[in-house]
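# Architecture and fold: a report
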Amino acid sequence: MEGMEVVELNSTGRTSAKKSTGSLLSYHAIRYAVTVTEKGCWCCAQRKEKVILDDVSGLMSPGMNAILGPTGSGKTTLLNILAGRLTSSTSITGCVLLDGKPLPENFKLMSGYVVQDDIVMGTLTVRENLLFSAALRLPRSVSKVERENRVDGVLEDLGLTKVANSKVGTDFLRGISGGERKRTNIGMELIVKPNILFLDEPTTGLDAHTAVSVIRLLRDLSANATIIFSIHQPRYSIFKLFDRLTLLGCGQTVYHGLASNALKFFDENGFVCEEHDNPADFFLDTVQEMIESEKKDGEEEKKADNEILPLVKKFNESSYSLDLDAELKPLLGTFLGRGQDYEVKKVPLEYPTGYLYQFFILSKRALINTIRNPMLSIMQVATMLIFGIVVGLIFLQLELDEKGIQNRVGAFFFIIINLVFGNLGSIEVFMAERPIFRHESASGYYHIFAYFLARVGCDLLFVNILPYFLFACVTYWMIGFQADAGKFFYYVAIILLTAMSGNGISYAVGAGIRVFALGTLLCALIYTVMMVFGGLFLNLSSIPVWLRWLKWLSVFRYALEAMSYNEIDGLLFCSDEIRSNGSCVSGFPDVVTGASYLDSQDFVEASLWFAPMALALFFFVFLVIAYLELRFKKLNK
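The paragraphs below set out a description of the structure included in this document. (Residues numbered from 1 in each chain as written. Predicted model: local features only at pLDDT ≥ 70, side-chain atom pairs only at ≥ 80, totals over all residues. Heavy atoms only, no water.)

### Digging into the overall build of the protein
Within the protein, the secondary structure is distributed over 25 helices and twelve strands. Counting only residues that meet the buried cut, the protein has 52% of its 637 residues in that class. Pairs at least 24 residues apart make up 75% of the contacts formed inside the protein by residues separated by at least 6 positions. A total accessible area of about 29,300 Å² is found for the protein, and carbon and sulfur atoms account for 58% of it. (Helix = DSSP H or I, 4+ residues; strand = E, 2+ residues; numbered from the N terminus. Buried < 20%, exposed > 50% of the residue type's maximum accessible area, 1.4 Å probe, protein only. Contact = heavy atoms within 4.5 Å. Areas by Shrake-Rupley, 256 points an atom, 1.4 Å probe, with all protein chains shown as cover.)

Here it is, written out as structure tokens:
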């Protein structure tokens, strides 16, 4: 790619060889539309096409390129199309060129993109966040020392050296300031030394002084890169740092060219900015007033003219548009001369690191995050221990009397209910990190599968396996189940598989639903249906045939069958008087065998091996569903 920097690191981690001058990014006749449903009753609602961007063209050259416009003008949409993050061929027409050539396949890896919200792991330090980016976004051929030098160079360039070892901060952990967080986000992208950097409203949420310092930092970086960013209502001290300005209104180009010529263009068309008015505010107010005026004229009138705003037509007829066309035509002519299709195409990503290495780095980050935010793990362990002791005290040392079977089955079901419903919190496993995941996966940090395995593995190990193992140990011996090593470890295995099955359901729901309350409700509904067909409240043989098949989809049933057969089979239950007389023998009156009870519940001996397999299959199936939701529901967009 032309203008790309040749990476040569010296001892300080800075580039010591060729100096980049940035790249030329051009976009030609971009049109983007979505299908929306008009308001109305459900039976008469109509779907129509809504145009977000309408035939916009422009040139983003090395330096500061600002995209300005009122809310809903298409700023972020244009930015995403230029960055290759919005690539639906059915709704986008036109093309985006880099130095007159099609975007390379690894464009997402070569360029940087800073989202509007701060997307960094709050429990990690500034340096650790940058090292994470370096580990995944730089090739394995770059040594550890070179990566650390690269990070040190970025920290110095961004003025973050003093806070390099400070944690970024979370809602419960005090961290660095807002401006330092924003610079950390920028630093995550500068690790790959991109010669094109995209930013979505980089000053959002910052005070005036911090916003200016961030834009000045970008101004310094623009000496060797093409900086493209959307921005809303910048103050004058920020506006004067722009090199080129793209002003949008209703998805069309109101002005595109040098920022210093924007006031002249408006003045030539009868819109004069007062002496002490902020030019950026003046542009936005003028465009917004035009939009509101056009809305009053009626929908049909707007459809009659392709240019919704008068200034759009004025710009298309101006010398600024002619100069722009003169710059764009050679680039487009070269591109079309190669016989390429005139459209934006989705291209695959090529990751600089492999699955196993990504899994290792992601697991390491997840482990650090868990260790530095231990409350969840500690509370889970403490909760399960307390709950295990409570259950143990309630069912303390059960006897083999007339109530022995009822009490054991009651203990099993009580345990299973709490194991399954206790996993509702796992819905947040993917919800909590969704913004980070969406950004990192879209930027080509890692394969989704590597992230999925690392995140699930860490959650299972520290939030589930250890607490539930302790719970199984406490309840088994306090309740007084059979003192047999084989039966004990089988019980532990069923406890873990039952909990993991419940977790799998929560993972699947949490990966596909964005609202926690809705996810909790859906999970509770699934758990409740499974519980009804679990075999305790209702003898499954009495269920209508057309509903009986649901028992095969109940985690409760498999867990209850396995625990019951493991504990009850082979036991004899009788009164203390019969037992004292030595008459508690199979076949005697008032003696209930465990086998007869199991037969009455339609439990079969095959459950001992079939139930664990079924529970493991449940867990695996729901994990696959969760992964497919992450993979195909496009949560990274």
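And the narrative resumes.
### Remarks on a nonpolar patch on the surface
Taken together, the side chains of Leu617, Phe620, Val621, Val624, Ile625, Leu628 and Phe632 make up a nonpolar region of the molecular surface, amounting to roughly 630 Å² of accessible area. Here Ile625 is to be found in helix α25 (residues 607-632). (Patch = residues over 30% accessible without salt bridge, like charges linked within 9 Å, V, L, I, M, F, W, Y side chains within 5 Å. Salt bridge = Lys/Arg side-chain N within 4 Å of Asp/Glu carboxyl O.)

### Considering a negative patch on the surface
A surface patch of like charges, here negative, comprises Glu274, Asp277, Asp285, Glu289 and Glu292. Mapping Glu289 onto the fold places it in helix α9 (residues 279-296). (Lys, Arg positive; Asp, Glu negative; His and termini not counted. Charge placed at Lys NZ, Arg CZ, Asp CG, Glu CD.)

### What to know about the pattern of salt bridges
For the structure on display, the rule yields eight salt bridges. A salt bridge links Arg365 to Glu440; its shortest N-O distance comes to 2.8 Å. A residue pair is termed long-range when its members are at least 10 positions apart, and Arg365 in helix α13 (residues 355-372) and Glu440 in helix α17 (residues 434-442) qualify at 75 residues. Arg365 gets classed as buried once you look at its relative accessible area, which sits at 6%. Given a relative accessible area of 2%, Glu440 falls into the buried group.

### Structural notes on the packing of helix α15 (residues 404-421) against helix α19 (residues 485-512)
Geometry of a packed helix pair, given as the angle between the helix axes and the separation of the axes. Two elements in contact, α15 and α19, have axes whose closest approach is 7 Å; the angle formed by their N-to-C orientations is 40 degrees. Classified by the angle between their axes, α15 and α19 sit oblique to one another. Crossing angle aside, the handedness with which α15 passes α19 is right-handed. Residues Ile415, Ile416, Leu419 and Val420 of α15 pack against Tyr491, Ile495, Thr498, Ala499 and Gly502 of α19. In terms of residue class, the contact of α15 with α19 is made up of seven nonpolar, two polar and no charged. (Axes fitted to C-alpha atoms, helices over the stretch in contact; angles between N-to-C directions. Parallel < 35°, antiparallel > 145°, perpendicular 65-115°, else oblique. Left-handed = near helix turned anticlockwise from the far one by under 90°. Nonpolar A, V, L, I, M, F, W, Y, C, P; charged D, E, K, R; others polar.)

### Here's the deal with helix α18 (residues 448-479)
With 32 residues, α18 extends 44 Å between its outermost C-alpha atoms, agreeing within 8% with the 46 Å of an ideal straight helix rising 1.5 Å per residue. Helix geometry: α18 is bent most strongly at Leu461, by close to 40 degrees. At the exit of α18 stands Gly480, carrying a positive phi of roughly 90 degrees. (Expected span 1.5 Å × (residues − 1). Bend = angle between axes of the 7 residues up to and from the residue.)

### Concerning the packing of α19 against helix α22 (residues 555-568)
Where α19 meets α22, the closest approach of the two axes is 10 Å, and the angle between their N-to-C directions is 175 degrees. The angle between α19 and α22 falls in the class roughly antiparallel. Between α19 and α22, the contacting residues are Lys487, Tyr490, Tyr491, Ile494, Ile495, Thr498 and Ser501 on the first element and Val555, Ala559, Ala562, Met563 and Asn566 on the second.

### Points about the sheet that holds strand β3 (residues 63-68)
Taken in spatial order, the six strands line up as β6-β7-β8-β3-β9-β10 in an open sheet, and their pairing is mixed. The sheet is open, and its two edges are formed by β6 (112-114) and β10 (252-258), each paired on a single side. Neighbour-to-neighbour, the strand axes of the sheet open up by a mean angle of 15 degrees, direction not taken into account. Taken together, the six bridges between β3 and strand β8 (residues 226-231) define a ladder with parallel strand orientation. Counted as the bridge partner of Met64 is Ile227 from β8. Sheet contacts for helix α5 (residues 178-190): β6 and β7 (196-200); angle to β6, the most-contacted strand, approximately 165 degrees. (Pairing = 2+ DSSP bridges.)

### So, the packing of aromatic side chains
Each pair of aromatic rings is reported with the distance of its centres and the angle of its planes. Using the criterion set out here, one finds 40 aromatic pairs in the structure. Through a chain of ring-to-ring contacts, the aromatic side chains of Phe229, Phe239, Phe242, Tyr255, Phe265, Phe266, Phe271, Phe282, Phe283, Phe315 and Tyr320 assemble into a single cluster. Between Arg365 and the ring centre of Phe132, over which it is positioned, the NZ or CZ distance is 4.0 Å. If you follow Arg631 out to its NZ or CZ, it ends over the ring of Phe632, 5.3 Å from the centre. (Phe/Tyr/Trp six-rings, centres within 6.5 Å; stacked < 30°, edge-to-face > 60°. Lys NZ or Arg CZ within 6 Å of the ring centre and 35° of its normal.)

### A short note on α13
A rise of 1.5 Å per residue sets the reference length of α13, with its 18 residues, at 26 Å; its end C-alpha atoms lie 26 Å apart and thus fit the reference within 8%. When α13 is considered as a whole, its buried residues turn out to be Tyr357, Gln358, Ile361, Leu362, Arg365, Ala366, Asn369 and Thr370.

### Details of the side chain of Glu567
Structurally, Glu567 is set in helix α22. On the basis of relative accessibility, which here comes to 2%, the residue Glu567 falls in the buried class. In contact with Glu567, not counting residues within four places along its chain, are Arg408, Phe412, Tyr476, Phe481 and Gln482.

### Overview of the environment of Phe489
Within the fold, Phe489 resides in helix α19. In this structure the C-alpha to C-alpha distance between Phe489 and Cys473, which are 16 residues apart in sequence, comes to 9.4 Å.

### Quick word on the environment of Leu623
Locating Leu623 in the fold gives a position in helix α25. By relative accessible area, Leu623 is classed as buried at 14%. Note: C-alpha distance between Leu623 and Leu453 (170 residues apart in sequence) is 9.6 Å. The residues contacting Leu623, other than those within four sequence positions of it, are Phe452, Val456 and Tyr507.

### A few points about unusual backbone geometry
Residue Glu201 is not a glycine yet carries a positive backbone phi of 45 degrees. By the element assignment, Glu201 lies in the loop between β7 and α6 (208-221). Despite not being glycine, Gln397 shows a phi value in the positive range, around 45 degrees. With respect to the helices and strands, Gln397 occurs in the loop between α14 (375-394) and α15. Residue Gln397 is classed as partly exposed on the basis of its relative accessible area, which comes to 43%.

### Some words on the pairing of β3
Taking burial as the measure, the six residues of β3 include six buried ones, the bulk of the element. As defined by bridge partners, β3 adjoins strand β9 (residues 244-249) across four bridges and the pair is classed as parallel. What sits directly across from Leu68, in β9, is Leu247.

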